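Coordinate inspection notes
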Amino acid sequence: MLRMLVRRLALGAITVFLVSLIIFAGVEILPGDACTAFLEREAQGQLLENCRQELGLKRPASERYLEWAAGALTGDLGVSANGQKPISELVGYRLRNTLLLASCSMLVGVPLALLLGVVAALWRDRLADLAISTIAIGAMTIPEFVSATILILIFSVWLGWIPGIVLTSADAPVAEFFPEILLPMMVLTFVMTAHILRTVRSSVIEAMASDYAQMATLKGVPYWRIVFRHVLPNALLPAINVVALTIAWLLGGVVVIETVFNYPGLGRMMIDSISDRDLPVTQAIALIIASVYVGVNLAADLLTMIANPRLRTMHMRKG
Amino acid sequence: MKRRLISACVAALAMAGTAMAEPKGTFRQAHETGSGAQSSLDPIAKGRVFQITEKLMSRLVRPDMDGKPSPDLAVSWEANEDATEWTLMLREGVTFHDGSDFDAADVVYSLNRVLDPQGDSPARSAVKMITKVEAVDPMTVRLTLDTPFADMPLQLMDYRLRMIPEGSGDTIASTGIGTGPFKLEKFDAQGTTVLVANMDYFEGPPGVARMEIIGIPDGQARLQALLGGQIDMESGITPQQRVMFDASDRFYIQEVPTGNWRGFVFRTDVEPFSDPRVRKAVRLTADREALLALVEGGNGTIACDTPVGPTDQYRAEMSCPQDIEGARALLAEAGFADGIDVDIHVATLEPTWPAMAEAYQAQAAEAGIRVNIVQVPSDGFWSEVWMKKDVVVTRWNERPADQALHEIYLSTAKWNESYYKDEAFDAMLADARRELDFDKRKALYVKAQEHLQETAGTLIPYHVTKLIGVTSRVQNLDPVENMSIRWYKITVAE
């Protein structure tokens, strides 16, 4: 178990390193640099020269990457190319805001998805299942920015109940994000619930058809006892992995949602920093998101192992 | 109980009475946070957020509702005989937001800061003819120029030339201290910047108590914020979006004709556009009415390749109908009887560029000009494509006539995007600056624009009319270009 953990951590570190390399190369390949992005039409002659000198853009890319990597290893993420501010300070609040949005959506979405998934499975092919499954497929196929725009139109423009766009500053206290956070939260919950409930539904159906469930039925165990004692504990295990993937998606993939709602989180900052060619900020965010992906997946695997004795011993025997 | 009710009524009346004179309510506006983390309150820095500085700081001279110079911090001005020396009389009794008095030393400091070659200010080009700024006495400033310049007050109207306290250059980027109608309470370029009424403003207390200037980078999000009533004003409304506002009584739309334009640049230093006949031919093929209708929904004014806006006092009135036969004849004369092939480089940086290029492509085809549209990325457009490729799209914001003609067409201009070199044209501009008589000066500027219509490498089909969406609660918002709006006049209904 411990050896497995160490191996997974090492693999994770390599993944994060590769991601940072790819991101760096990707932003380097884009036309223009931090100076031409900022100066636009004035990017000529002396002004451009001074700017590049100041930001240290004249050195070769490999040298700049190595310097950044060395800093990142010691926990120093560097200084934002544009604002000359320490990145840890800039990213801190954004990370908190993204976590806030993600955890609010999770708190509503995960229990809701589990409940709906189980209901859909137990009443398979009945009205409840049809309704839930249809809406879920709709939620998965409608792009987030479309459902976001429709929700803004309904709740903010027509009804005027909730503000449509988040205008709170990035460094405001958490309480100030309410009620503005409600609409982005609804969109995220909508999509997330759909993904999780479909997995839950199919695994519950599978478990209900399994030998041990049928055995229990034949033995005369009451229906609800079968569901709660035998089916659900087994069926919900695969859901852990889906939930983990969803957490990772919430932290890294909400770029579109954050842009549509003007939410001051990591995703919007990533977009801004790429268009400013602010490499240090882009790198730092990529690092955070990649680490979250690796970390959450590792945690999910461990959790699955702890919950499932068979997997645990299998790994122990192998490892 | 009854007594209480009466006293409550009296109190309410008394409050209403004082509230008449008091600034009240909050006006909210968005900005694009175009400079990201480099955003600043320094009015002359590249990263200035002008939606904020224009409310915090005053200029020496400001445009009136017709765009002509009118007093701001300078109450009057006069030139010497050959217009190489300008004397400005300053407004008495003005104080900065930090309580210090405004006088000539602040003007000398503020202008010298713009002129400092080390300072790299983009505003420098507007006033670089000034060689010396001196305080004659505490309320009088004299500007010495290196060339006669009859329209110096026009240059001083530039939206960046705002007066700051002497010696505040190192801190102005975050303090934003000026003499304007609003004072800074909190600066947060990416979030919400809060301004409060300056009760000591020299035109009297402003109409609203508080302004919130909010950073919303995404255009769609700004539109949603306006529709949801979270901001009160948004200037980038497209003709397609207009219908949403016309149908609602919660908003009104202001139409503001501007000198902003988009167009095509044909480099005059490369084949075949080095031949003025070819340049004229590519301009003659444009059906400007159709381009305006197709691309901007008719919101604009036809421009016959002049960069001078429709409201500018020096605008040349010209006509420029489409002339396919004329274009064919000119091309044949220049040795291209079979037509020419043109690669136009288009990005989506300006959302209307692709539509403009496609509409022109169809029009030009009639004259045997085979336009091929080359899509290029918006990233790095200004550094990798513009002024590098032979034919590109371009866009410019409004500038006073003299500045527009100088910055885009003078042989030595650094933004001479068409590489246009014409001694006769340069001489006309120099003569105009020297001419003190308004009518003669206007005649010279008009002649220069007519010269451009014949020879320039730029195709300017129209000037854009800006559509500004405003919530109905806002009153007294001047229906003019941003730099002329009197922000202290605005009031909002509760």
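See the structure printed just above.
We now turn to the structure provided with this report. Everything numeric here is computed off the predicted structure, so don't read it as measured data. (Residues numbered from 1 in each chain as written. Chains lettered and ligands numbered in written order. Predicted model: local features only at pLDDT ≥ 70, side-chain atom pairs only at ≥ 80, totals over all residues. Heavy atoms only, no water.)

This brings us to the overall build of chain A. When you go through chain A residue by residue, the secondary structure sums to 15 helices and 0 strands. In terms of overall dimensions, chain A has a C-alpha envelope of 85 × 60 × 35 Å along the principal axes. The buried share of chain A, reckoned over its 319 residues, is 45%. Here the analysis covers contacts within chain A between residues at least 6 apart in sequence; of these, 73% occur between residues at least 24 apart. For chain A, the accessible area works out to roughly 16,000 Å², and carbon and sulfur atoms hold 69% of it. Looking at chain A, you have 24 positive and 23 negative side-chain charges, and the mean spots of the two groups are 16 Å apart. (Helix = DSSP H or I, 4+ residues; strand = E, 2+ residues; numbered from the N terminus. Buried < 20%, exposed > 50% of the residue type's maximum accessible area, 1.4 Å probe, protein only. Contact = heavy atoms within 4.5 Å. Areas by Shrake-Rupley, 256 points an atom, 1.4 Å probe, with all protein chains shown as cover. Lys, Arg positive; Asp, Glu negative; His and termini not counted. Charge placed at Lys NZ, Arg CZ, Asp CG, Glu CD.)

With that out of the way, let us pick up the interface of chain B and chain A. Listed as interface residues are 38 residues of chain B and, on the opposing side, 32 residues of chain A. Around 3,000 Å² of area is buried between chain B and chain A when both sides are counted, 52% of it from carbon and sulfur atoms. Summed over the three residues of chain B that lose the most area to chain A, namely Gln38, Lys46 and Gln230 of chain B, the buried surface amounts to 21% of that side. The tally of links between chain B and chain A comes to 0 salt bridges. Only β10 (210–215), α7 (219–227), α13 (381–385) and β16 (391–396) of chain B provide two or more residues apiece to the side of chain B that touches chain A. Here the side of chain B that touches chain A takes 4 residues from α7 of chain B, the largest share from any one element. In terms of residue class, the side of chain B that touches chain A is built from 14 nonpolar, 14 polar and 10 charged. (Buried area = accessible area lost by both parts, 1.4 Å probe. Salt bridge = Lys/Arg side-chain N within 4 Å of Asp/Glu carboxyl O. Nonpolar A, V, L, I, M, F, W, Y, C, P; charged D, E, K, R; others polar.)

Our focus in this paragraph is the packing of helix α4 (residues 61–73) of chain A against helix α14 (residues 279–307) of chain A. Residue and element names in this part refer to chain A. Two elements in contact, α4 and α14, have axes separated by 12 Å at closest approach and are oriented at 50 degrees. Classified by the angle their axes make, α4 and α14 are oblique. For α4 against α14, the interelement crossing comes out right-handed. Counting all contacts with α4, which are made through Arg64, Tyr65 and Trp68, the residues of α14 involved are Leu279, Pro280, Gln283, Ala284 and Leu287. (Axes fitted to C-alpha atoms, helices over the stretch in contact; angles between N-to-C directions. Parallel < 35°, antiparallel > 145°, perpendicular 65-115°, else oblique. Left-handed = near helix turned anticlockwise from the far one by under 90°.)

Here we come to the environment of Val27 of chain A. Residues and elements named next belong to chain A. For Val27, the position within the fold is in helix α1 (residues 2–29). In the structure, Val27 is positioned 272 residues away from Ala299 in sequence and 31 Å away in space, judged by C-alpha atoms. The contacts of Val27, once residues within four sequence positions are left out, are Arg277, Leu279 and Thr282.

On to the pattern of salt bridges, then. Residue and element names in this part refer to chain B. All chains considered together, the criterion is met by 35 salt bridges over all chains. The residue Lys280 makes a salt bridge to Glu454 at a minimum N-O spacing of 3.1 Å. Placement of the pair is Lys280 in helix α9 (residues 276–284) and Glu454 in helix α16 (residues 438–455), with a sequence separation of 174 residues. Since its relative accessible area comes to 24%, Lys280 is described here as partly exposed. Taking the shortest distance from any N to any O, the salt bridge between Asp431 and Arg434 comes out at 3.2 Å. One end of the pair is Asp431 and the other is Arg434, both in helix α15 (residues 423–434) and 3 residues apart, which spans about a single turn. Asp431 gets classed as partly exposed once you look at its relative accessible area, which sits at 35%. Linked by salt bridges that have partners in common, Glu85, Lys132, Glu134 and Arg142 make up one network.

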